[in-house]
Amino acid sequence: MTSFNLYEENSLPGLIHAAPPILAIYVGLFAAYLIFFTSSYGLYGGFQHKSGMHEMRMTIQATLTAGLLLCGSLYLSHHGEMISRIVVILMVAFTALLLCLRRAIWRRIIYSRYRRGIEARNVLIIGAGRVGHALRNHLESLRHFGFRFKGFIALTEQESESGNADVIGDVRNCLAMARALFIDEIFFSVPADKKIVIGLVEEARAVGIEIRVIPDLYDGLAWNAPIEYIGQFPTIPLHRKEFTIGSYILKRVLDMTMSAFALLFLAPFMLLVTIAIRIDSPGSILYRAQRIGRKGRTFTCYKFRTMVRDADRLQAGLEHMNERDGVLFKIANDPRITRIGGFLRKYSLDELPQFYNVLRGDMSIVGPRPPLATEVEKYDLTQLRRLDVLPGITGLWQVEARQDPSFDSYISLDTAYVENWSLWLDMKILVRTVSTVLSGTGT
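What counts, and where the lines are drawn
Residues numbered from 1 in each chain as written. Predicted model: local features only at pLDDT ≥ 70, side-chain atom pairs only at ≥ 80, totals over all residues. Heavy atoms only, no water. Phe/Tyr/Trp six-rings, centres within 6.5 Å; stacked < 30°, edge-to-face > 60°. Buried < 20%, exposed > 50% of the residue type's maximum accessible area, 1.4 Å probe, protein only. Helix = DSSP H or I, 4+ residues; strand = E, 2+ residues; numbered from the N terminus. Salt bridge = Lys/Arg side-chain N within 4 Å of Asp/Glu carboxyl O.

A.B. asks: Go over the packing of aromatic side chains, please, and point to the residues and values.
C.D. replies: If you walk through the whole model with that rule in mind, you get seven aromatic pairs. A ring pair is formed by F36 and F37, whose centres lie 5.1 Å apart and whose planes are at 80°; its orientation type is edge-to-face. For F36, a relative accessible area of 52% translates into the label exposed. For F37, a relative accessible area of 15% puts it in the buried group. Pairing F261 with F265 gives two aromatic rings, centres 5.8 Å apart and planes at 5°, and the pair type is stacked. You can see F261 and its partner F265 sitting in helix 9 (residues 245-265), four residues apart, about one turn around the helix. Here F261 falls in the partly exposed class, since its relative accessible area comes to 45%.

As structure tokens, then:
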């Protein structure tokens, strides 16, 4: 009895007569069709600009179109008799149902995160007039869409001198304010000179900030540009930075997977470290510090304690021994470091609890190190660029210039990582981190 006959006996009678390799080819073809049309209908982008019902309709339409193309492919390849139309219909129906269910659940999760301010998009509104206030009220009534109003930018001298506390600057220093406040989008709510708008768009493109205008205000400036609704408010995007959402989602999945496995498999070793710290010196096991994360958000960063009690208070008396320049602080043979702390720092073992920060979403495994608020206060606008991504346990600076005392080198390497980020770069940094840790170069 041939393998084909064996397969035919084990299949549903009269429905599938194709061998497994052929069946796999058509399933893969259907998946390729589905990915193409899902992308064509804009379903891989953000969903702030489309309703849940519209998203469901486009999902069903993409699945049905992919199913029709699959039927056509079966017909043209003369394999239509080997795979029943009932099987195709059931596959299309279940695929559409599961995709709609997955999108509905994902939308609820993201809405919940936006309401709590997680990954929200910071917004400036140019123009503090009637339309600007209406747009602000509209955005604040739709907090689940993830927009957070940060202030008005005055376009006229009258608005600048109005005494409105929400007017935080004028159009001349708009980009400087945007960088300082980690702005993601700027809305033009009133007409402005076209040269001002074009100049602002060019500057915003250089720093990755999106610009939107209210329709009918800039006739001819955005021909063929799509109108996107923020709730009931129509806007036209003039510039949108490229956002490889698939790569970022994969990075987050890898972060969660790797941190969960690390916490699970390193738990016995971390218990031994806990006992050693307790025996070595009095004080808490973990050191908790408020650090600055992505877009200036504050979070609690966890490390194993490697110093004596009140180490932060004692730092003021050691400032004259600082071996780093700029805002960094590091001295060799720091008297505050405990015996077990020196060993933990040498092999970077004190940072193991930060896998919990990664699991929470405060940090990533690879990224710039999270700075203190006192350090960020001394940054200039260009140095704030390193806060555009999640901070990491390891990063480009750690594997390239860990012992380099230069603050400029520290910032330039972190900025280079932000501007040239890719999953491949993360993988290379992780591989180099292993050799860096094993070499015991930590201090």
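A.B. asks: Quick one: what's the story with the pattern of salt bridges, residue by residue and with numbers?
C.D. replies: Two side chains bearing opposite charge may form a pair once their charged atoms approach each other closely. A full pass over the atoms with the stated rule returns 17 salt bridges. A salt bridge links E185 to R121, with the shortest nitrogen-to-oxygen separation between them at 2.8 Å. Of this pair, E185 sits in strand 4 (residues 185-188) while R121 sits in strand 1 (residues 121-126), and the two are 64 residues apart along the sequence. Comparing E185 with R121 shows no difference in burial state: the two are buried. A salt bridge links E140 to R136; the nearest nitrogen and oxygen atoms lie 3.3 Å apart. Placement of the pair is E140 and R136 together in helix 5 (residues 130-141), with a separation of four residues, close to one helical turn. With a relative accessible area of 37%, E140 lands in the partly exposed category. A network of salt bridges, in which partner residues are shared, links R121, E185, E210 and R212.

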